[in-house]
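Read off the chains here:
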Amino acid sequence: MRVQTLGQFIIEKQNDFPYAKGELSRLLRDIGIAAKIVNREVNKAGLVEILGETGEVNVQGEQVKKLDIFANDQFIAALKVGGEVCAIASEENEDIIPIDNEVSKNAKYVIAMDPLDGSSNIDVNVSVGTIFSIYRRVSLSGPGTMEDFMQRGTEQVAAGYIIYGSSCMLVYTTGKGVNGFTLDPSIGEFCLSNPNIKTPETGLIYSLNEGNHLHFPDGVKKYVKYCQEEDVATNRPYSSRYIGSGVADIHRNLLKGGIYIYPTTTKSPKGKLRLLYECNPLAFIIEQAGGKATDGKGRIMEKNMKELHQRTPLFIGSTQMVEKAMEFMLKFEAVS
Ligand code: AHM
Ligand code: MG
């Protein structure tokens, strides 16, 4: 069987890109290189003094781990020298990072990323991930500006994630389906392993943090109860699976069928996950695979961006399951 590397695949598919083909190809290739470097560090995380907290808190008020910073630095460095983006937004940086250097002066894209999602799992050898979302700039020239990031998810030109798991995978879309690549460590290349991924219409897995049950909206409480009921015709009860690493949970559900929910809670009344660099890119991938992503009421990718680190509830996965959860949300909205 012919092995197709990520680099070969990107070049072969670049005619599908509507705009600035060479630049987008190079940008995706740069992301692949940074991913390999981060993967190398994640892999040896138990061996070197890289584990543990730095003692700092990030803009979200959360503890920052050393690997979060490492991943952030690696991606920023790769993107800055690549010259294809004029600004970067990251979960780890309060403000956007405009890029003002010679190689980036004609850059046509901006990128938003969560360099290491699920970072509470790093210390315990559980999968973590990187999520990225690419937009065409709307500002005219010079370093990118905030308005370049205030675009709806429907404007994304590409999005993807890297999962640092039992193997390292890169999954991405440019709006023409979803393809997955697995890193072959013996040759140091991402190789096409999951072409044209389609998610099942329905599944048998529900994923959410049930520890927050008391704080869920009534619609979510009732939907969880529905998932747990006995019903032969619909194969219920479903299985509960929650890793606490969004990329890993959503990747599993993408392949097997299932629903992932991070609703509003009384503790996080706007939801926990961030629209720009977590929900929109994941929504783009899931929709391209035939699934659905909403905030419980409307489509994630049609939400207006108001601020860089904006949060939103997320209901994402197999279409029939997301629609069923939304029925419960609608029905019990008045009392939640
Ligand atoms: P992070 O970006 O700070 O890692 O937070 C995002 C993560 C998701 O990966 C995961 O699904 C969720 O937060 C877990 O949150 P909780 O521990 O509240 O269940
Ligand atoms: Mg995150």
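Going by the structure above, here's the rest.
Quick notes on the rules
Residues numbered from 1 in each chain as written. Chains lettered and ligands numbered in written order. Predicted model: local features only at pLDDT ≥ 70, side-chain atom pairs only at ≥ 80, totals over all residues. Heavy atoms only, no water. Helix = DSSP H or I, 4+ residues; strand = E, 2+ residues; numbered from the N terminus. Rg over C-alpha atoms; globule rule 2.2 N^0.38 Å. Buried < 20%, exposed > 50% of the residue type's maximum accessible area, 1.4 Å probe, protein only. Contact = heavy atoms within 4.5 Å. Areas by Shrake-Rupley, 256 points an atom, 1.4 Å probe, with all protein chains shown as cover. Lys, Arg positive; Asp, Glu negative; His and termini not counted. Charge placed at Lys NZ, Arg CZ, Asp CG, Glu CD. Donors = N, O, S within 2.8 Å, 3.2 Å for Na, K, Ca; no water. Near = heavy atom within 4 Å. Polar contact = N/O pair within 3.5 Å; in protein donor to acceptor, adjacent residues only side chain to side chain. Arc of directions from axis to C-beta.

> Where do I start with the overall build of the protein in this structure?
Counting its regular elements, the protein contains 7 helices and 15 strands. The globule rule puts the C-alpha radius of gyration for 336 residues at 20 Å, and the 19 Å found for the protein is close to it. Projecting the C-alpha coordinates of the protein onto the three principal axes gives extents of approximately 60 × 45 × 45 Å. Of all 336 residues assigned to the protein, the portion counted as buried reaches 55%. Intrachain contacts of the protein at a sequence separation of at least 6 include 63% that bridge at least 24 residues. For the protein, the exposed surface amounts to about 14700 Å²; the carbon and sulfur share of it is 50%. Taken together, the 37 basic and 41 acidic charged side chains of the protein have centroids lying 4 Å from each other.

> Explain the coordination of the magnesium ion (ligand 2) here, please?
Reference values for coordination geometry: four tetrahedral donors around a metal ideally subtend 109.5 degrees, six octahedral donors ideally subtend 90 or 180 degrees. Coordination of the magnesium ion (ligand 2) by the protein comes from Glu-91 (OE), Asp-114 (OD), Asp-117 (OD) and Glu-278 (OE), over a distance range of 1.9 to 2.6 Å. For the magnesium ion (ligand 2), the single-chain donor residues occur in sequence as E-x22-D-x2-D-x160-E. You can see Glu-91 sitting in the loop between strand 3 (85-90) and strand 4 (97-98) and its partner Asp-117 sitting in strand 5 (residues 109-117), a full 26 residues away along the chain. The two residues Glu-91 and Asp-117 agree in class, both being buried.

> Explain the site of ligand 1 here, please?
Around ligand 1 lies a shell of 17 residues, among which Asp-117, Tyr-242, Gly-246, Tyr-260 and Tyr-262 are the nearest. Separating an oxygen atom of ligand 1 from a side-chain N or O atom of Asp-117 is a distance of 2.6 Å. Between ligand 1 and Gly-246 there is a distance of 2.5 Å, counted from an oxygen atom to a backbone nitrogen or oxygen. Contact with the protein chains covers 85% of the free accessible surface of ligand 1, which is 470 Å².

> Looking at this model, I keep getting lost on helix 1 (residues 6-13). Mind explaining?
Turn by turn, an α-helix covers 3.6 residues, leaving residues three or four places apart pointing in a common direction. Within helix 1 the residues assigned to the buried category are Leu-6, Phe-9 and Ile-10. Projected down its long axis, helix 1 shows its buried positions confined to an angular sector of 100°, all on one face. Tucked into the core, helix 1 has its buried residues touching helix 2 (21-43), strand 8 (168-173), strand 9 (178-184) and strand 10 (189-194).

> So what exactly am I meant to see when it comes to the environment of Arg-236 here?
With respect to the secondary-structure elements, Arg-236 resides in the loop between helix 4 (218-228) and strand 12 (239-240). Looking at Arg-236, the relative accessible area reads 11%, which means it is buried. In this structure, the C-alpha to C-alpha distance between Arg-236 and Met-146, residues 90 residues apart in sequence, is 46 Å. Excluding its chain neighbours within four sequence positions, the residues that come into contact with Arg-236 are Tyr-226, Cys-227, Glu-229, Glu-230 and Asp-231. A distance of 2.9 Å separates a polar atom in the side chain of Arg-236 from a polar atom in the side chain of Thr-234.

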